[in-house]
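Residues per chain are reported as follows:
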Amino acid sequence: MNNEDILLRIGSGLRQLFGGVLPSPDAVDIAMYFVALVACVALIFTNAVILILAERKVAGFMQSRYGPNRLGPYGMFQTVADVIKLLTKEDYRPHGVDKWVWAMAPVILFVPPVMVYAIIPFGKEAVPVDLNIGIFYFIAISSVATIAFLMAGWGSNNKYSLIGGMRAVAQMVSYEIPLVFSILGVVMLTGSLQTSVIVEKQAGVWFILLQPVAFIIYLIAAAAETNRMPFDIVEGESEIIAGPFTEYSGMRWAIFFLAEYASLFAVSAIATTLFLGGWHGPAFLPGWIWFMGKTYVMIFLFMWVRWTFPRLRVDQLMSFCWKFLIPVSLANILVTGISIFAYRAIGG
Amino acid sequence: MYGKGLLIGLGITLREFFRKKATEKYPEVRPKLSERFRGGKLALDPDKCIACSLCALSCPNSSIRIVTTKDEAGKRKLAEYEHDTGACMYCNLCIESCPQKCIQWDKKFDFAGYSRKHLVSDCIAAARLKKTGDVSQEGTKNEQ
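Just so you know, these numbers come straight off a predicted model, no measurement behind them.

Engineer: How would you explain the overall build of chain B if you had to name every residue and give the values?
Structural biologist: Tallying secondary structure elements over chain B gives four helices and five strands in all. When the helices and strands of chain B are placed in sequence order, the string is α-β-α-β-β-α-β-β-α. Computed over the C-alpha atoms, the radius of gyration of chain B is 22 Å, more than 25% above the 15 Å expected from 2.2 N^0.38 for a compact globule of 144 residues. Its C-alpha atoms put chain B at 85 × 30 × 30 Å along the principal axes. Looking at chain B as a whole, 27% of its 144 residues qualify as buried. When contacts within chain B are restricted to residue pairs at least 6 apart in sequence, long-range pairs at least 24 apart make up 71% of them. Taken as a whole, chain B presents about 10200 Å² of accessible surface, with 54% of it coming from carbon and sulfur.

Here it is, written out as structure tokens:
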């Protein structure tokens, strides 16, 4: 049995099912997109539950602790209990907040990661929406998250929130540049922005071998983009309480968390797509398992870094980006271009 | 080399990740207490005790209360022996002063109660319970 296309088989089965019920092929397409959306949102929610537990476990293990271990085997139901607790908390709105801006911020922050899932190639031909400008779309969408941070910071009517929001803008706008430049190296090699094509071209050699510098730059910039340690000056507890999240509680606060883990998975999945060969792997396992496995390895890498390094200062963060990462990423593009040119000149 | 410290740091955390954990899963796994651990209540051996009251006298906080009587032969005998753990500061002076070595720590440190009365332990009754084999009253390994 070729277990490679379980996702495809489910897809074609659903297509046939809808084809029997719905009147036109367009309606079937729309229904399929809806199914993909629901699947992505379900993935995000289950993933957040798993990743929050994983993060706490990794944190514990790296600090010579066990981490959560009270509820269920290995503390498996800890996150579930936390979610129930957060859901039952009072929906408290502090005085003086900008009502709509404040209330909309967590929702808007949650939207970009969900949209990014549309272009993630989970398996061969298993991309929710296979855009021909997929990577460009990812870059464009992930920038939108900046606005949500600023909204939360501004709407909270709290000086720490505002400082945090401003830091978020400065950090995310700056680190977008090395992120894009590091992706550009891969795009130059493939000549395509389509995620499925990029993975297809890595059948022989993964791009982490051809673009190691770009991979490291991507890692650093992605950690900064998702506001994770050591770049979490946005919510540096010792300086500005929790930054833009200070005035939120209960489920609104949980949505911020959900968005953080959704975007963590998204950037890890994009890293897998761009550098780690996507769904490619030895044939004894189906492609989507390889993809998820590599993505979780990437997530572990992010957690590992988070629980190892201390927080950077704001000025260090900025000078590291502008004085180090951007020149290096530009040099990487130059070297890549020259190499491609030389390769063509020699090999034809 | 630039960034060498970062790699060393990552190595340390990864080693820590796979190493045996320093913390214990406490109520299920009981901690291994050292030989000289001081804690819990006083475990008295009433048969060995000569009711000399040296332990009560040596206690800086007067946390030991002894009542003695005399038997038919006129010999001093232990009637009551109470250890108020709420007043005890676990200085070990009572144990060191005992000429018969008949008191020691029972090392059962988890005996929280709802009032101060619960902190006072009747050592003779505890010793009797221990002798009859019924140890379930005190905090034991099987209590959880």
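There is more to say, and it comes next.
Engineer: I'd like a description of the pairing of strand β2 (residues 64–70) of chain B, backed by residues and values.
Structural biologist: Residue and element names in this part refer to chain B. For β2 and strand β3 (residues 76–84), the ladder comprises seven bridges, and the chain directions are antiparallel. Pairing of isoleucine 64 across the sheet is with histidine 83, part of β3. In this antiparallel pair of consecutive strands, β2 and β3, the connection spans five residues, and glycine 74 shows a positive phi of 80 degrees.

Engineer: Kindly report on the layout of surface pockets, identifying the contributing residues and their values.
Structural biologist: Of the voids in this model, the largest pocket is the one considered here, and its volume is about 910 Å³. Taken together, 29 residues line the largest pocket, and the ones lying closest to its centre are Ile216(A), Ile220(A), Phe309(A), Phe320(A) and Leu6(B). Mapped by element, the contributors of at least two residues to the lining of the largest pocket are α9 (212–225), α12 (287–306) and α13 (314–347) of chain A together with α1 (4–18) of chain B. Per-element accounting of the lining of the largest pocket gives the leading share, six residues, to α9(A). Each residue belonging to the lining of the largest pocket can be placed in one class, and the counts come to 25 nonpolar, two polar and two charged.

Engineer: Tell me about the packing of helix α4 (residues 99–116) of chain A against helix α5 (residues 134–155) of chain A, and name the residues and values.
Structural biologist: Residues and elements named next belong to chain A. In the contact formed by α4 and α5, the axes pass within 8 Å of each other and the chain directions differ by 165 degrees. By the angle class used here, α4 and α5 are roughly antiparallel. Seen along the crossing, α4 lies across α5 with a hand that is left-handed. Contacts between α4 and α5 involve Val101, Trp102, Met104, Ala105, Ile108, Leu109, Pro112, Met115 and Val116 from the former and Tyr137, Phe138, Ile141, Val144, Ala145, Ala148, Phe149, Met151, Ala152 and Gly155 from the latter.

Parameters at a glance
Residues numbered from 1 in each chain as written. Chains lettered and ligands numbered in written order. Predicted model: local features only at pLDDT ≥ 70, side-chain atom pairs only at ≥ 80, totals over all residues. Heavy atoms only, no water. Helix = DSSP H or I, 4+ residues; strand = E, 2+ residues; numbered from the N terminus. Rg over C-alpha atoms; globule rule 2.2 N^0.38 Å. Buried < 20%, exposed > 50% of the residue type's maximum accessible area, 1.4 Å probe, protein only. Contact = heavy atoms within 4.5 Å. Areas by Shrake-Rupley, 256 points an atom, 1.4 Å probe, with all protein chains shown as cover. Pairing = 2+ DSSP bridges. 1 Å grid on protein atoms, 1.4 Å probe; cavity = no way out; pocket = protein on both sides within 12 Å on 5 of 7 lines; lining within 4 Å. Points joined across faces, edges and corners; volume = space filled by probe spheres on them. Nonpolar A, V, L, I, M, F, W, Y, C, P; charged D, E, K, R; others polar. Axes fitted to C-alpha atoms, helices over the stretch in contact; angles between N-to-C directions. Parallel < 35°, antiparallel > 145°, perpendicular 65-115°, else oblique. Left-handed = near helix turned anticlockwise from the far one by under 90°.

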